Amino acid sequence: MGNQYLQYPTTVKALAGEIKTACNDYTARRISNDQIREIILWYAAKMPQLLFAAEKINPTVTAIIGKKRVRLVNDLLDGYQHRIGGITNE
(Lines give C-alpha, C1' and ligand atoms only; values in the text may rest on other atoms or scores of the structure.)
Protein backbone atom coordinates (compact mmCIF):
# COMPACT_ATOMS: atom_id res chain seq x y z
CA MET A 1 0.00 0.00 0.00
CA GLY A 2 2.99 2.28 0.34
CA ASN A 3 3.45 5.32 2.53
CA GLN A 4 0.93 7.50 0.74
CA TYR A 5 -1.98 6.32 2.91
CA LEU A 6 -2.17 5.58 6.62
CA GLN A 7 -2.19 1.79 6.98
CA TYR A 8 -3.64 1.60 10.48
CA PRO A 9 -6.04 4.47 11.16
CA THR A 10 -7.21 4.41 14.75
CA THR A 11 -10.69 5.88 14.35
CA VAL A 12 -13.60 5.51 11.96
CA LYS A 13 -13.24 9.16 10.96
CA ALA A 14 -9.54 8.71 10.18
CA LEU A 15 -10.30 5.61 8.11
CA ALA A 16 -13.02 7.46 6.22
CA GLY A 17 -10.59 10.29 5.52
CA GLU A 18 -8.03 7.87 4.09
CA ILE A 19 -10.66 6.18 1.92
CA LYS A 20 -11.90 9.56 0.71
CA THR A 21 -8.36 10.60 -0.21
CA ALA A 22 -7.71 7.30 -2.00
CA CYS A 23 -10.96 7.57 -3.96
CA ASN A 24 -10.17 11.16 -4.93
CA ASP A 25 -6.70 10.10 -6.07
CA TYR A 26 -8.26 7.32 -8.12
CA THR A 27 -10.74 9.60 -9.86
CA ALA A 28 -7.93 12.10 -10.53
CA ARG A 29 -5.93 9.21 -12.05
CA ARG A 30 -3.08 9.54 -9.55
CA ILE A 31 -3.43 5.86 -8.63
CA SER A 32 -4.36 2.84 -10.76
CA ASN A 33 -7.26 0.40 -10.62
CA ASP A 34 -5.03 -2.15 -8.93
CA GLN A 35 -3.83 0.34 -6.33
CA ILE A 36 -7.33 1.46 -5.30
CA ARG A 37 -8.45 -2.16 -5.06
CA GLU A 38 -5.41 -3.01 -2.93
CA ILE A 39 -6.12 -0.10 -0.58
CA ILE A 40 -9.80 -0.91 -0.08
CA LEU A 41 -9.17 -4.63 0.35
CA TRP A 42 -6.40 -3.84 2.85
CA TYR A 43 -8.79 -1.80 4.98
CA ALA A 44 -11.51 -4.44 4.66
CA ALA A 45 -9.14 -7.19 5.80
CA LYS A 46 -7.16 -5.29 8.45
CA MET A 47 -9.71 -2.82 9.81
CA PRO A 48 -13.12 -4.51 9.47
CA GLN A 49 -14.27 -3.23 12.87
CA LEU A 50 -13.92 0.34 11.57
CA LEU A 51 -15.07 -0.14 7.98
CA PHE A 52 -18.15 -2.29 8.55
CA ALA A 53 -21.25 -2.15 10.73
CA ALA A 54 -23.00 -5.49 10.47
CA GLU A 55 -23.03 -6.35 6.75
CA LYS A 56 -22.81 -2.79 5.42
CA ILE A 57 -20.28 0.00 5.26
CA ASN A 58 -20.20 1.85 8.60
CA PRO A 59 -22.74 4.73 8.51
CA THR A 60 -20.10 7.19 9.70
CA VAL A 61 -17.82 6.19 6.83
CA THR A 62 -20.76 6.50 4.43
CA ALA A 63 -21.61 9.99 5.69
CA ILE A 64 -18.01 11.19 5.41
CA ILE A 65 -17.07 9.76 2.02
CA GLY A 66 -20.38 10.32 0.23
CA LYS A 67 -22.61 8.27 -2.06
CA LYS A 68 -20.38 8.12 -5.13
CA ARG A 69 -17.34 6.96 -3.17
CA VAL A 70 -19.46 4.40 -1.29
CA ARG A 71 -20.57 3.02 -4.65
CA LEU A 72 -16.91 2.75 -5.71
CA VAL A 73 -15.95 1.02 -2.44
CA ASN A 74 -18.86 -1.42 -2.78
CA ASP A 75 -17.87 -2.17 -6.38
CA LEU A 76 -14.31 -2.88 -5.25
CA LEU A 77 -15.58 -5.16 -2.48
CA ASP A 78 -17.92 -7.03 -4.83
CA GLY A 79 -17.37 -10.76 -4.47
CA TYR A 80 -16.08 -10.53 -0.91
CA GLN A 81 -18.15 -11.46 2.08
CA HIS A 82 -17.68 -9.83 5.47
CA ARG A 83 -17.72 -12.05 8.50
CA ILE A 84 -16.54 -11.76 12.07
CA GLY A 85 -12.77 -11.51 11.94
CA GLY A 86 -12.51 -9.95 8.49
CA ILE A 87 -13.13 -10.50 4.82
CA THR A 88 -13.02 -13.83 3.07
CA ASN A 89 -12.85 -14.45 -0.62
CA GLU A 90 -15.66 -16.81 -1.57
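Residues numbered from 1 in each chain as written. Predicted model: local features only at pLDDT ≥ 70, side-chain atom pairs only at ≥ 80, totals over all residues. Heavy atoms only, no water.

Asker: An account of the packing of aromatic side chains is requested, with residue identities and associated values reported.
Answerer: Inspection of the entire model under this criterion finds one aromatic pair. Pairing Tyr8 with Trp42 gives two aromatic rings, centres 5.7 Å apart and planes at 70°, and the pair type is edge-to-face. Residue Tyr8 is found in the segment before helix H1 (12-27), and its partner Trp42 is found in helix H2 (residues 33-46); the two are separated by 34 residues along the sequence. The partly exposed category is assigned to Tyr8, whose relative accessible area is 49%. Judged by relative accessible area, Trp42 falls into the partly exposed class, the value being 23%. (Phe/Tyr/Trp six-rings, centres within 6.5 Å; stacked < 30°, edge-to-face > 60°. Helix = DSSP H or I, 4+ residues; strand = E, 2+ residues; numbered from the N terminus. Buried < 20%, exposed > 50% of the residue type's maximum accessible area, 1.4 Å probe, protein only.)

Asker: Account for helix H5 (residues 67-76), with residues named and values stated.
Answerer: Residues of H5 that are buried: Val70, Leu72, Val73 and Leu76. The arc enclosing the buried residues of H5, seen along the axis, measures out at 160°, which places them on a common side. More than 90 degrees from the buried face of H5, the exposed residues found are Lys67, Lys68, Arg71 and Asp75. Each element contacted by the buried residues of H5 is listed here: H1, H2, strand S2 (56-57) and helix H4 (59-65). (Arc of directions from axis to C-beta. Contact = heavy atoms within 4.5 Å.)

Asker: Tell me about the environment of Leu6, residues and numbers included.
Answerer: Among the secondary structure elements, Leu6 is positioned in the segment before H1. Each C-alpha atom of the pair Leu6 and Ile39 lies 10.0 Å from the other, and the pair is 33 residues apart in sequence.

Asker: I'd like to hear about the side chain of Glu18, residue by residue, with values.
Answerer: Residue position: Glu18 is located in helix H1. Apart from the residues lying within four places of it in its own chain, the contact partners of Glu18 are Tyr5, Leu6 and Tyr43.

Asker: Help me get a handle on the packing of H1 against H2, residues and values and all.
Answerer: When two helices pack together, their arrangement is given by the angle between their axes and by how far apart the axes lie. At a minimum axis distance of 10 Å, the contact between H1 and H2 shows a crossing angle of 170°. As judged from the angle between their axes, H1 and H2 are roughly antiparallel. Pair H1 / H2 crosses with left-handed handedness. Across the interface between the two elements, Leu15, Glu18, Ile19, Ala22, Cys23 and Tyr26 from H1 touch Asn33, Ile36, Ile39, Ile40 and Tyr43 from H2. Partitioned by chemical class, the residues of the contact of H1 with H2 number nine nonpolar, one polar and one charged. (Axes fitted to C-alpha atoms, helices over the stretch in contact; angles between N-to-C directions. Parallel < 35°, antiparallel > 145°, perpendicular 65-115°, else oblique. Left-handed = near helix turned anticlockwise from the far one by under 90°. Nonpolar A, V, L, I, M, F, W, Y, C, P; charged D, E, K, R; others polar.)

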